[in-house]
Structures are given as C-alpha cells and as structure tokens.
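Here is how the chains run, residue by residue.
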Amino acid sequence: MLGKLRVGVDACTLVSHRTGVGNYIHDILLPACEANPAVTWVLYSNTDIHFPDRPNVVQRSNAGNARGVFWQNLHLPKLLKRDGITVYWGANGFIPLRDLGKTRAVVTIHDLVHRFQPAASEKLVRWSRRVCQPSSAKKADVVTCNSDSTAADVATVYGVESWATMRPMISGAFAPPSASKAAEVAAKYSLPEHFILVVGTLEPRKNIPLFLDAVAHCRAAGIDLPMVVHAGGSGWLAAETEASVTAAQAAGWLRRLGFVPTVDLPALYNACTVFCMPSTYEGYGMPIAEALNCGAAVMHGDHLSMVEASGGFGYAFAPTIPGMADALKLFASGKMPLPRREQPILPQAEPSSDVLFAAIMEAALSECRPVQPRRSPAPQPTR
C-alpha cells in the first residue's frame, strides 16, 4: 500500500521566516518524509514553500488571490483530486469543508485561541477559525492535537476526541552551544552579561505590554532587574505592543533584536539569566521546551499548556501585572527556584513524526474500520 500512498500537506506556514506552527509542521514532516521514502508527499500552499528538496516530496505553490480558508475551500479540493491524494494532513487546524471524495483527512489542532482569547486575533482570522475549525474537527477521519491541554479543550468545546497528541519535535539543535558559537552570537547581538530573554512574535496573546508594565513597576520600586531582550518580529494587532516596546527602548532597559534565525536561538537561550514567556494562552509553548533544552532557567504564564511544555520544570506565574511583578521580585531576590535542565525536556519514546504517519495510515484505512482514540504518553516532570 505504501507505494500507492500519496499524502497531501497544508504547507502554507512553511515560509522563509518560520515561526511557531511553521516550525512545528516542518520538524514533524521532514523526518516523516525521510522515514517513509515509498510515500509521495505533496505540499500545498498559496505562496512560496520553503522545505528541503527530497525525491519523494512534490511542492505545489499556488500564488492566486485567495488566502486562508478561502484558498483551502475554493482551490485546494480540485488540486487534491487532480493529484490523486490518498490522505490530506490539515496541519494548521483546517481541512476543506467540501466533499473530498476518496481523499481521507487528518487534522491537527494547535489551539482554541478564537474561543478563549478572541480579541487576540484579527476579525477575519477569528471568524474563519470559529466556523471552519470545529467543522474540520468533526469532518476529519482522524484528529490530533499538539498538547494534552489542547486535546482536552477540543473534547470539551467541539465534542471530538483527539486520536493522539503530537507534541512538537524539538530539534537537537536546541542544546547548549559551543563556546565559539556562544561568543559569536554574543558579539553579533551585543548581548549584555545579564538579561531577561523574551522570544515571540509581537501579538496580543504574548502579553508583552503587561509584562513590560510589570517590569517598569518593579524598576520604579527600586528593584534591580537586568535588561529585557526581545527576539521576534512584529505580528498582528501589534499597535499597543509596539508602543510599549518603543517606550521601554527609549527608557533604556529593553533591547529589541527583531527576527532571530533559528541557528542563533540556542546561544541566546543559553546566555540569558532567565527566559520568560508571559503569554496568557498557548496551544503548547515551544520556546519553553527549546529554552530548557539549551540550559536556560525558565518562568512562564500559568496556562496548563505551558506547564505541560516545561514538564512542570518552569516557574509558573499569573500573567497579570501583579502576578508578574511578584514573580520578578522573587527572581530579583534570588529566591525563585530556577534550576537549569541537564537533560532534554522531551525524551519521546514515540516521536511525533511516527505518530503522524500512524495517524495517516489510520485515516487511509478509516473506511474499513472505526477510528479509535489513541493517546501518546505525556512527558513526565523529572524534578
């Protein structure tokens, strides 16, 4: 059967400057393609695709005017039929709502931000998620999620059981850097000796304005905090965040690096005094696991997905001004328990690339037998 299996993939987030979901898809998809050379993998996007060339990978870029769910529903079904796709992986939470004929479907849901943090998304994105994501979950032959936290939300809100949890495949590149690489990155970005590192696109859910308010509150109270260094580009609905960042820069206690390539991130994580992820909501929280793997001390918002990402190893705080100010005061006093990891945070007995392929095979056979939910074991805290 493998020689006839043709797997279509939503590759719209595989762009040149990949961030969260794009990194998630890339790092699961690439080993799945390499481990299954008899399978033809066809990547679909409405813009240019950035993915390594492989003999069994075909790229289908369609630079038409339609975007998002409009492209998914107006253009993609015809392409899937034309290419004889056996199973389509809706890697970013959607599958076409039109009848796909003989094509089966796997959908991966990353978060329910449209439900729990609606103001954090632009109106069109919010409504497309509200309409299309629950329909995709109910229509798909197999549903997977990126965390047990998201799976629980999907079961509660959509009434659909996740077949398996596919956690991010944290690259082996996220490890303490060599001395030469550390020195190169420190010089490249003129890093101070001590700093609080924040990584993430400037968008509402990342909670940067409130975090900077908490820092300013502490500094005004005479609490000695190191400089804040932010790595990440500007995103959507970012006017308030940009204003907060600009004000902190003008005050001299924040340095903005902009987009930082993945190759430089391990050294940044390793060099920081503490890594902070102040988000109010995440589907998982990949930077937390990345930072821990690089030897960073970590504190983060107390949403269950971020606790899951840290394996219970980070210090969790309420993502409010008082909650973050209390955490920063504890950090400044040296009393915050912030041990550094010596082993990777995600020792996966069953890599998510294998889980993906198992989900694809389950979907391919779903006409023959009922689909049964299947769980991947959650990573256990080792503290």
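To be clear, the structure that these remarks concern was listed above.
Residues numbered from 1 in each chain as written. Predicted model: local features only at pLDDT ≥ 70, side-chain atom pairs only at ≥ 80, totals over all residues. Heavy atoms only, no water.

Glancing now at the packing of helix H8 (residues 208–220) against helix H13 (residues 321–332). Between H8 and H13, the least distance of the axes is 8 Å, while the angle of their chain directions is 50 degrees. Overall, the two elements H8 and H13 adopt an arrangement that is oblique. Classified by chirality, the crossing of H13 by H8 is right-handed. The segment H8 lies against H13, with Leu 210, Phe 211, Asp 213, Ala 214, Val 215, His 217 and Cys 218 engaging Ile 321, Met 324, Ala 325, Leu 328 and Lys 329. (Axes fitted to C-alpha atoms, helices over the stretch in contact; angles between N-to-C directions. Helix = DSSP H or I, 4+ residues; strand = E, 2+ residues; numbered from the N terminus. Parallel < 35°, antiparallel > 145°, perpendicular 65-115°, else oblique. Left-handed = near helix turned anticlockwise from the far one by under 90°. Contact = heavy atoms within 4.5 Å.)

Let us look at the packing of aromatic side chains. According to the stated counting rule, one finds four aromatic pairs in the structure shown. With a centroid separation of 6.4 Å and an interplanar angle of 45 degrees, the aromatic rings of Trp 41 and Phe 357 are classed as tilted. You can see Trp 41 sitting in strand S2 (residues 40–45) and its partner Phe 357 sitting in helix H14 (residues 352–364), a full 316 residues away along the chain. Neither Trp 41 nor Phe 357 differs from the other in exposure class; each is buried. Pairing Phe 116 with Tyr 281 gives two aromatic rings, centres 5.9 Å apart and planes at 35 degrees, and the pair type is tilted. Of this pair, Phe 116 sits in helix H4 (residues 113–116) while Tyr 281 sits in the loop between strand S11 (274–277) and helix H11 (286–293), and the two are 165 residues apart along the sequence. In this structure, Arg 130 packs its charged tip against the face of Trp 127, placed 4.7 Å from the ring centre. (Phe/Tyr/Trp six-rings, centres within 6.5 Å; stacked < 30°, edge-to-face > 60°. Buried < 20%, exposed > 50% of the residue type's maximum accessible area, 1.4 Å probe, protein only. Lys NZ or Arg CZ within 6 Å of the ring centre and 35° of its normal.)

Attention now goes to the pattern of salt bridges. Side chains that differ in sign of charge can pair as their charged atoms come close. Applying the stated criterion across every chain yields a total of twelve salt bridges. A salt bridge links Asp 83 to Arg 60, with the shortest nitrogen-to-oxygen separation between them at 3.1 Å. Here Asp 83, found in the loop between helix H3 (76–82) and strand S4 (87–90), pairs with Arg 60, found in strand S3 (residues 57–61); they are 23 residues apart in sequence, far enough to count as distant. The class of Asp 83 is buried, set by a relative accessible area of 8%. The exposure class assigned to Arg 60 is partly exposed, which follows from its relative accessible area of 28%. Because the salt bridges share partners, they merge into one network encompassing Lys 181, Glu 184, Lys 188 and Asp 264. (Salt bridge = Lys/Arg side-chain N within 4 Å of Asp/Glu carboxyl O.)

Our focus in this paragraph is the sheet that holds strand S6 (residues 142–145). One open sheet holds the seven strands; their spatial order is S3-S2-S1-S4-S5-S6-S7, and the pairing between them is parallel. In this open sheet, the two edge strands, each paired with only one partner strand, are S3 and strand S7 (164–165). Of the strand pairs in this sheet, S6 and S7 are connected by two bridges, and their pairing is parallel. Bridge pairing links Cys 145 to Thr 165 in S7. Taken strand by strand, helix H1 (residues 20–35) contacts strand S1 (6–10), S2, S3, S4, strand S5 (104–109) and S6, and its axis lies near 155 degrees from that of S2. Where H14 meets the sheet, its contacts fall on S1, S2, S4, S5, S6 and S7, and the angle it forms with S5 comes to roughly 145 degrees. (Pairing = 2+ DSSP bridges.)

The next thing to look at is the pairing of S4. Here S4 shows no split at all, with Val 87 and Trp 89 on one side and Tyr 88 and Gly 90 on the other all buried. As judged from the three bridges shared by S1 and S4, these two strands associate in the parallel manner. Counted as the bridge partner of Val 7 is Val 87 from S4. Here S4 pairs with S5 via four bridges, running parallel. Note on S5: the bridge partner recorded for Trp 89 is Val 106.

With that settled, the discussion passes to the side chain of Asn 23. For Asn 23, the position within the fold is in helix H1. You can call Asn 23 buried: its relative accessible area is 14%. If we ignore the near neighbours within four places in the chain, the residues touching Asn 23 are Arg 18 and Met 286.

Let us now look at unusual backbone geometry. Positive phi values are uncommon outside glycine, yet Ser 190 reaches one of about 50 degrees. Structurally, Ser 190 is set in the loop between helix H7 (179–188) and strand S8 (195–199).

This part covers H11. Buried residues dominate H11, accounting for eight of its eight residues. If you check which residues of H11 are buried, you get Met 286, Pro 287, Ile 288, Ala 289, Glu 290, Ala 291, Leu 292 and Asn 293. Of the surrounding secondary structure, the elements contacted by the buried residues of H11 are H1, helix H10 (265–271), S11, strand S12 (298–301) and helix H12 (304–309). Backbone geometry just downstream of H11 places Gly 295 in the positive-phi region, at approximately 90 degrees.

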